[in-house]
Amino acid sequence: MTATTANLSAAGTARRSLRRDRPRYGELAVQGLLFLAALVSIATTIGIVLSFVAPTVELFTGRGVSLREFLTGTDWGPLFAQPTYGVLPLVVATLVITVIAVAVAIPVGLMTAIYLSEYAGPRARKFLKPTLEVLAGIPTVVFGFFALQFVTPLLQAVLPGSQYPKIFNGLSAGLVMGVMIIPTVASLSEDALSAVPRSLRDGAFALGSSSRQVSTRVVVPAALSGIVAAFVLGISRAIGETMIVTIAAGSQPNFTLNPLVSLQTMTAFIAQAGSGDAPVGSTAYDTIFAVGSLLFLMTLALNIVSIRLVRKYREVYE
Amino acid sequence: MSITFDTTERAPAPSPLKGRGERPLDRAFRYLLLAALGVGLVFLAVLLTYVTVRGWSRLDARLWQNFPSRLPSRAGAQSAIVGTIWLIALTALWVLPTGILTAIYLEEYADPERRINRIIELNIQNLAAVPSIVFGILGLGILARTLGLGFNLLTASLTLALLVLPVVIIASREAIRAVPNSIRLGSLALGATRWQTIWRQVLPAAVPGMATGAILALSRAMGEAAPLLLLGAATSVAFNPDGLFSAYSALPLQIYQWVSLPQAAFAELASAAIITLLVVLLIMNSLAIFIRQKFSRRW
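This one's a predicted model, so the numbers in the text were calculated from it and none came from an experiment.

(A) Spotlight on the overall build of chain B. Summing up its helical and strand segments, chain B has 11 helices and 0 strands in all. Counting helices and strands in the order they occur from the N terminus, chain B gives α-α-α-α-α-α-α-α-α-α-α. A principal-axis box enclosing the C-alpha atoms of chain B has dimensions of 65 × 65 × 35 Å. Here chain B holds 299 residues, and the buried ones make up 49% of them. Taking the intrachain contacts of chain B between residues at least 6 apart in sequence as the baseline, contacts between residues at least 24 apart amount to 72%. Carbon and sulfur atoms make up 63% of the accessible area of chain B, which totals about 13900 Å². Here chain B contributes 25 positive and 14 negative side-chain charges, whose respective centroids are spaced 3 Å apart.

In structure tokens, the structure reads:
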């Protein structure tokens, strides 16, 4: 009873503070621990940025590789005896394969989402959603293997002689990558479509629209920013994907828009150079980080756009 | 931004207008949608069939009894299988406490108005979309080289842990958020401290959701090869790892190595290893779905 003292106010009434007079140290400790855990994620991002900065700066200042040559040169051969450092073949290859992948994934993904959201009954949904989750869960090595061993020979058999794809080609990798991204696009687009209130659909149906008209003229336009966010995220995944292109698109950088030959993407180069024995501090080692910085910046820009778009569409309905 | 689909009930979609019949344009649109659906389904079916047919002959005891070898008939994946088990165990050890504690902090303690907390949330969303090879670069540059940890199980498991950390955080947050506030308020009203409320009421209720998220995160980590390529696992390892600082191999990597070899016999071996990996992943994902269906309570 002596621990809690009565606080006498000026008017003379006894008032006891409801708070304990000593803080609960256990609670404070727990709070501190939790905050530290949360900081791990920040440390990760800082770590990623830090790991890039030093070798990249080293490459451009210490080793005298000019930034202009890096960004505009069309000859990529940093591991050769007479090294060249033009990164454009890698960037163009990444973009070509991404375009092919996205040309598959965006229409198919969006249409799958429309079907799931507007047309599919509960039984169809029970079957389709797990199937898409299975497709999403297949490791990318498996896709790469399939691209090399099945899709490439198939393309070689099917395409006419003038368009004969080489054993390592960008088309095969791009097509398979497109299918790999379908679940990402479909899932996020479906989220966006489901967020559209039922009243909009009901109103359109009441006016005599068919499902097609409701889907294409009411729901999709209403969910547009979320759908675009899904597309942007799909593009970002395509740019950052490594295993499919490393296995199926080859490790020979060609500066061309032709997808039927070997195309080494930025990620494939990083994988190739990083798995070799480049000694630390060598120019070859630094190029891994320089190309990595470029890759990270591209995907970061796309991710930020996507996150902003998702936030925008969420605000409209909540 | 998780890939899992919402499983709540919804009103069935209206069927095509009876009586007048479906208009041709509407029917064509519906067929177009079904064709799109077909692309994914057919691809999946062909992929699974191809891999099974190609690898069936090599699906025998040699796969897990033998070590990698230059002779395809002698080669097996024991070092890769054991390595993967080690790797996933260690990754779980690093990522589950960190991710769950972060989720608890963000959901229970953090004031969303404060700048630092908004930065943390934005950061996690960003990390969830960073390519996996960038994590490999992080592991190579900072963990292996700058911190001098070297190329071993420790570096690899830490890198994979960071890779799947956002998945664990996001899934755990949703699980915690799903617990109704009345539970917390009731506990606090009875005199429990904040942490007692969390530890004894909120967390036990959120365990199924967190378990699902954990399994999905670990199954993602199990299939990753790109970061490991940069972390010294590319060399063929023909022994089981024997400690935290041991060299290692992993099943996706072994598959990649066999795929890169020209002999057709190695393609068969790779297919068999793929079947193994897919079966394990299927079991894990089914377990996650089972836990979600069976144990998630309706409040």
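Moving on, there is more to tell.
(B) Broad picture of the interface of chain B and chain A. In this assembly, 82 residues from chain B lie in contact with 92 residues from chain A. Together chain B and chain A conceal approximately 7900 Å² of surface at their shared face, both sides included; 77% is due to carbon and sulfur atoms. Where chain B packs against chain A, one counts 1 salt bridge. In this structure, A:Arg212 engages B:Asp26 in a salt bridge whose closest nitrogen and oxygen atoms are separated by 2.5 Å. At 19 residues, the largest contribution of residues to the side of chain B that touches chain A is made by helix 1 (residues 24–55) of chain B. Along the lines of polarity and charge, the residues of the side of chain B that touches chain A split into 61 nonpolar, 13 polar and 8 charged.

(C) Examining a nonpolar patch on the surface more closely. All names here are of chain A. A surface patch of nonpolar side chains, amounting to about 220 Å² of accessible area, comprises Val-49, Val-53 and Val-57. Take Val-53: it is sitting in helix 1 (residues 25–62). Given the relative accessible area of 42%, Val-53 is considered partly exposed.

(D) Fine view of the nonpolar core. All names here are of chain A. By size, the foremost hydrophobic cluster in this structure holds 177 residues, and its most contacted members are Met-177 and Val-291. Among the elements that make up this core, the one with the highest residue count is helix 3 (residues 88–119) (20 residues). With residues near it in sequence (within four places) discarded, Val-291 still touches Phe-70, Trp-76, Val-87, Leu-90, Met-266, Phe-269 and Ile-270.

(E) Focus on the packing of helix 4 (residues 115–128) of chain B against helix 6 (residues 153–177) of chain B. Residues and elements named next belong to chain B. Where helix 4 meets helix 6, the closest approach of the two axes is 9 Å, and the angle between their N-to-C directions is 125°. Comparing the axis directions of helix 4 and helix 6 gives the class oblique. Taken as a pair, helix 4 and helix 6 cross one another with a handedness that is left-handed. In contact with Glu-121, Ile-124, Leu-127 and Ala-128 of helix 4, helix 6 contributes Pro-166, Ile-169, Ile-170 and Arg-173. Classifying every residue of the contact of helix 4 with helix 6 by side-chain character gives 6 nonpolar, no polar and 2 charged.

(F) Up close: the side chain of A:Thr44. Following the sequence through the fold, A:Thr44 ends up in helix 1. Beyond its immediate stretch of four places on either side in the chain, A:Thr44 contacts B:Leu127, B:Phe135, B:Leu138 and B:Leu162.

(G) Summary view of the pattern of salt bridges. Residues and elements named next belong to chain B. Tallied over the entire structure, the rule returns 11 salt bridges over all chains. Across the salt bridge formed by Glu-107 and Arg-173, the nearest N and O atoms sit 2.8 Å from each other. Of this pair, Glu-107 sits in helix 3 (residues 78–109) while Arg-173 sits in helix 6; the two residues are 66 residues apart in sequence, bridging distant segments of the chain. Classification of Glu-107 as partly exposed rests on a relative accessible area of 23%. Of the charged contacts, one joins Glu-121 and Arg-173 as a salt bridge, the two residues approaching to 3.5 Å between their closest N and O atoms.

(H) Expanded view of the environment of A:Leu79. Residues and elements named next belong to chain A. Within the secondary structure, Leu-79 sits in the loop between strand 3 (76–77) and strand 4 (84–85). Linking Leu-79 and Tyr-285, residues 206 residues apart in sequence, is a C-alpha distance of 9.5 Å. Not counting the four nearest positions on each side in its chain, Leu-79 is found in contact with Phe-269 and Ala-284.

(I) Main features of a positive patch on the surface. A cluster of basic residues, A:Arg308, A:Arg311, B:Arg115 and B:Arg118, forms a positive patch at the surface. Elements supplying a minimum of two residues to the positive patch: helix 12 (283–317) of chain A together with helix 4 of chain B. Turning to its location among the elements, B:Arg115 is positioned in helix 4.

(J) Up close: helix 9 (residues 224–240) of chain A. Compared with the 24 Å implied by 1.5 Å per residue over 17 residues, the 24 Å span of helix 9 of chain A between its first and last C-alpha is a close match. The element helix 9 of chain A is largely enclosed, with a buried count of 13 among its 17 residues.

(K) Highlighting the side chain of A:Ser293. All names here are of chain A. In this fold, Ser-293 is placed in helix 12. The exposure class assigned to Ser-293 is buried, which follows from its relative accessible area of 13%. Other than its neighbours up to four places away in sequence, Ser-293 contacts Phe-52 and Thr-56.

(L) Examining empty space enclosed by the protein more closely. Scanning the entire structure with this criterion turns up 1 cavity of 30 Å³ or more. The volume enclosed by the largest cavity comes to roughly 90 Å³. Those elements giving two or more residues to the lining of the largest cavity turn out to be helix 3 and helix 4 (122–137) of chain A together with helix 1 of chain B. The greatest single-element share of the lining of the largest cavity, amounting to 5 residues, is contributed by helix 1 of chain B. Taken together, the residues that form the lining of the largest cavity break down as 9 nonpolar, 3 polar and no charged.

Thresholds applied
Residues numbered from 1 in each chain as written. Chains lettered and ligands numbered in written order. Predicted model: local features only at pLDDT ≥ 70, side-chain atom pairs only at ≥ 80, totals over all residues. Heavy atoms only, no water. Helix = DSSP H or I, 4+ residues; strand = E, 2+ residues; numbered from the N terminus. Buried < 20%, exposed > 50% of the residue type's maximum accessible area, 1.4 Å probe, protein only. Contact = heavy atoms within 4.5 Å. Areas by Shrake-Rupley, 256 points an atom, 1.4 Å probe, with all protein chains shown as cover. Lys, Arg positive; Asp, Glu negative; His and termini not counted. Charge placed at Lys NZ, Arg CZ, Asp CG, Glu CD. Buried area = accessible area lost by both parts, 1.4 Å probe. Salt bridge = Lys/Arg side-chain N within 4 Å of Asp/Glu carboxyl O. Nonpolar A, V, L, I, M, F, W, Y, C, P; charged D, E, K, R; others polar. Patch = residues over 30% accessible without salt bridge, like charges linked within 9 Å, V, L, I, M, F, W, Y side chains within 5 Å. Core = buried A, V, L, I, M, F, W, Y, C linked by side-chain atoms within 4.5 Å. Axes fitted to C-alpha atoms, helices over the stretch in contact; angles between N-to-C directions. Parallel < 35°, antiparallel > 145°, perpendicular 65-115°, else oblique. Left-handed = near helix turned anticlockwise from the far one by under 90°. Expected span 1.5 Å × (residues − 1). 1 Å grid on protein atoms, 1.4 Å probe; cavity = no way out; pocket = protein on both sides within 12 Å on 5 of 7 lines; lining within 4 Å. Points joined across faces, edges and corners; volume = space filled by probe spheres on them.

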